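Structural characterization, general
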Amino acid sequence: MKFGKGCAVHLRWRCRRPFGLFRDEEGFTTVGMALALLITLSLVFTTAQVYRVTSASADVQDVADAAALAAENQVAEFMIVVRACDAVVLTLSLTSIVVTGLGVAALCTPVTAPASEALLKAGRDVAKARDSFAEKAAEGLNRLQKALPFLAAASAAHVASANNGGPMNASYVALAVLAPAEGEPIEVGGMEGAHALADRAEAESEDIKRAGEQAEQAAEEANACKERAFRRDCGDEPGYCMSERARTLAGLSGGDNPRFNSVDAWSFSVPLERARAYYVKRLAVEAPQGSSTEERARSALRLRFYRFATAELGRGYVHETEDSFDALFPHLPKNTDEMRATALYTEVAYPVTEGEGGPVMHAWSGCPAAAGATGMGSIAQMEQGGYSTCSECGFTASSMGKVAAASTSIDNGFEYHYEAVAQAADEYEQARAKLDPLARKVKEKAGGLFDECLDLLRQVSSKRIDAAPPGRYGAVVLVANTSAAPTSTGFASGFVHEAGSLGARAAVSAATLLDEGSDEGKNVLNSLLDGLKDKGGAVTGALGVVLDCWSGLLSAYLEGQDAIGRVLEGAVDALPFASASGLGSWAASAFQKAVAALGLEPAKLGALKPVLVNSAHVAGADDTAFSARFLAVKAQAVAHPLASTDLFSSVVTSAEAAAIEGIASLDGTVEIASVQLFGDGGPEIPLTIALPQAARDAAADLVSSAADAVRSVYAQVTGVRTWE
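Residues numbered from 1 in each chain as written. Predicted model: local features only at pLDDT ≥ 70, side-chain atom pairs only at ≥ 80, totals over all residues. Heavy atoms only, no water.

**As for the pairing of strand β5 (residues 325-328)**
Residues Phe325 and Ala327 line the buried face of β5, whereas the alternating positions Asp326 and Leu328 sit on a face that is not buried. The pairing of strand β4 (residues 317-320) with β5 spans 4 bridges and is classified as antiparallel. Its bridge partner being in β5, Glu320 is matched across the sheet by Phe325. Two successive antiparallel strands, β4 and β5, enclose a turn made up of 4 residues. (Buried < 20%, exposed > 50% of the residue type's maximum accessible area, 1.4 Å probe, protein only. Helix = DSSP H or I, 4+ residues; strand = E, 2+ residues; numbered from the N terminus. Pairing = 2+ DSSP bridges.)

**Remarks on empty space enclosed by the protein**
According to the stated counting rule, one finds 2 cavities of 30 Å³ or more in the structure shown. Taken as a whole, the second largest cavity holds about 40 Å³ of empty space. A class-by-class count of the residues in the lining of the second largest cavity yields 7 nonpolar, 2 polar and no charged. (1 Å grid on protein atoms, 1.4 Å probe; cavity = no way out; pocket = protein on both sides within 12 Å on 5 of 7 lines; lining within 4 Å. Points joined across faces, edges and corners; volume = space filled by probe spheres on them. Nonpolar A, V, L, I, M, F, W, Y, C, P; charged D, E, K, R; others polar.)

**Things to note about the packing of helix α3 (residues 113-162) against helix α4 (residues 192-235)**
The interhelical angle for the contact between α3 and α4, taken along N-to-C directions, is 175 degrees, at an axis separation of 10 Å. Taken together, the axes of α3 and α4 lie roughly antiparallel to each other. Each of Ala113, Ser116, Leu120, Arg124, Ala127, Lys128 and Asp131 in α3 lies in contact with α4, whose residues at this interface are Ala194, His195, Ala198, Asp199, Ala201, Glu202 and Lys209. Residues that form the contact of α3 with α4 fall into these classes: 6 nonpolar, 2 polar and 6 charged. (Axes fitted to C-alpha atoms, helices over the stretch in contact; angles between N-to-C directions. Parallel < 35°, antiparallel > 145°, perpendicular 65-115°, else oblique. Contact = heavy atoms within 4.5 Å.)

**Quick notes on the sheet that holds strand β14 (residues 608-613)**
With respect to topology, 4 strands assemble into an open sheet ordered β3-β10-β13-β14, the strand pairing being antiparallel. Sheet topology places β3 (172-179) and β14 at the edges, where each strand pairs with a single neighbour. On average, adjacent strands in this sheet sit at an angle of 25 degrees to one another, irrespective of strand direction. Against the sheet, α3 makes contact with β3 and β10 (474-481), and its axis sits at roughly 150 degrees relative to β3, the strand it touches most.

What is shown is where atoms sit, not what they do.
So this is what it looks like as structure tokens:
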């Protein structure tokens, strides 16, 4: 091909410039553009391949993180079981004491006494059931926590294998070790005090029951007297009674003449105060009902009687407490003979004049015949000295004796009802004199037993199930991807030259536990309650109260003292504690106050949640040989990344030994313990834990094969295979 002269010059000019083939004054040339595209595509595919290789290498870390969470989750599940067992032990302890206390309270009244024997026996049976459950639970939990290293290893291996396959044909193996690898033994003390309390309650039962029966009889007598007094004072309104007569005869009203609708709100101090106000008012408004001398004399004698009554009632008193009654209701004279026994008979208050037949005594100084009186005398002197009767006022001893006779003898008189109240007060005091010592005896004996219940409640509240299991600091997981895949797997490209393959990749991860506010612990208790309802629902009577009590305490376990108080209130309401003596109500209230003084805090049943942490934090919290070796390996790996050492193999071997130790005792489920109330004939509720599917599917050599696989990764990396 020939070129013109101009072309030859242009080509020579391009060749003389270094980049003439790639660009000119008009822009990029075809050659330059082609090279730019080739370089760009090469960089893109090369970068993508690097990203692909890096991602495939990093996948093992994600699997390690997931496996660590799965391993530590087994510890979290174990702690839920521990807390559920603690709930059962504590609530059975409380139920035993509560039921025994209810049995003691039931002894205090004849109505509830028949149930006391069954309640006291049930309290003893529940204590035995609690001790049996606690012992079995400790054994079962110790057996389960011994298997935790295997369960953690099985879960980690299961999660790792679940990630096998994928674009890079991954083949994961994982080995988990708990820090620490061993837990502290779980021990629960017995309820020796509950059995001693039941013994003392049974020993005191006959005395308490007998005193309660006698107190009930005396209380019925006392209450009958009080009811009678209440009706005569104001309970018979609008019929004749003290309040009605005081309003009608003296115009007494308001606070001076109160009315009560119930004897429960009324007391003997009410009629005493009403009578005082009545006579003060009668004294203030007394006036003759006519102008005759005889009527004026009767009015004067009534004034004398009202002054006497006011003074007498001023001596009265009512001192009443829950445990005692002391009262004085002065009895007013209702005839001449009774008047002679009062100050009215000896009071020197009547004018005396000298008459033709001898001295004459007058009813009051206003008598027309009393003018020029020479002195004053008493009714007693008049009867003893042969006094003549005044022709004007006709005053004699019977004149004063008749003042209150009519109003005391018939029901339209105030004194009639007052006297009935005064007599009822005397009889009530006599009945209380029998009742109060008996009630004190019951309260002393039962109260002493209630104090023992409170002391025992304080003791058992500290006898709880707690655990320091394997993995309480966390779990460390070693994960390896043993699949060796060509670097181009899943991303073949002509732009990148294939060189070698991705070898085995390994990663370490760790997890620990944090409290999480979830309902998982509560759900375990709900399952137990469902079993309790299914197997114990047919029990009735006193034993039904026991089951309801335990069920309620178990339900209230999360809520603490307030909920326990409500459960106890329900148990008390289930028994007819109302009684004439009030001892049943006292006993129920005293026992409720004793339990209220306990001050139980709400239980901690929130689930524990596994979270990822730096493996050095987990190993650093543990002082076992594994953690020490692990920290040494990690420190050496950081300091000398390419150094060949067999420390890694020793770490794997330590983890393998810890996990294998607990395998032999496992099967598909583990029965931690069972609750059997009321002996062999009572309902039995087992607490059974199903193992995770990974543990049920795992073969006995799972951990060993995983350990071998992890060790083989070490051999591939270092070129050394240590014979174990």
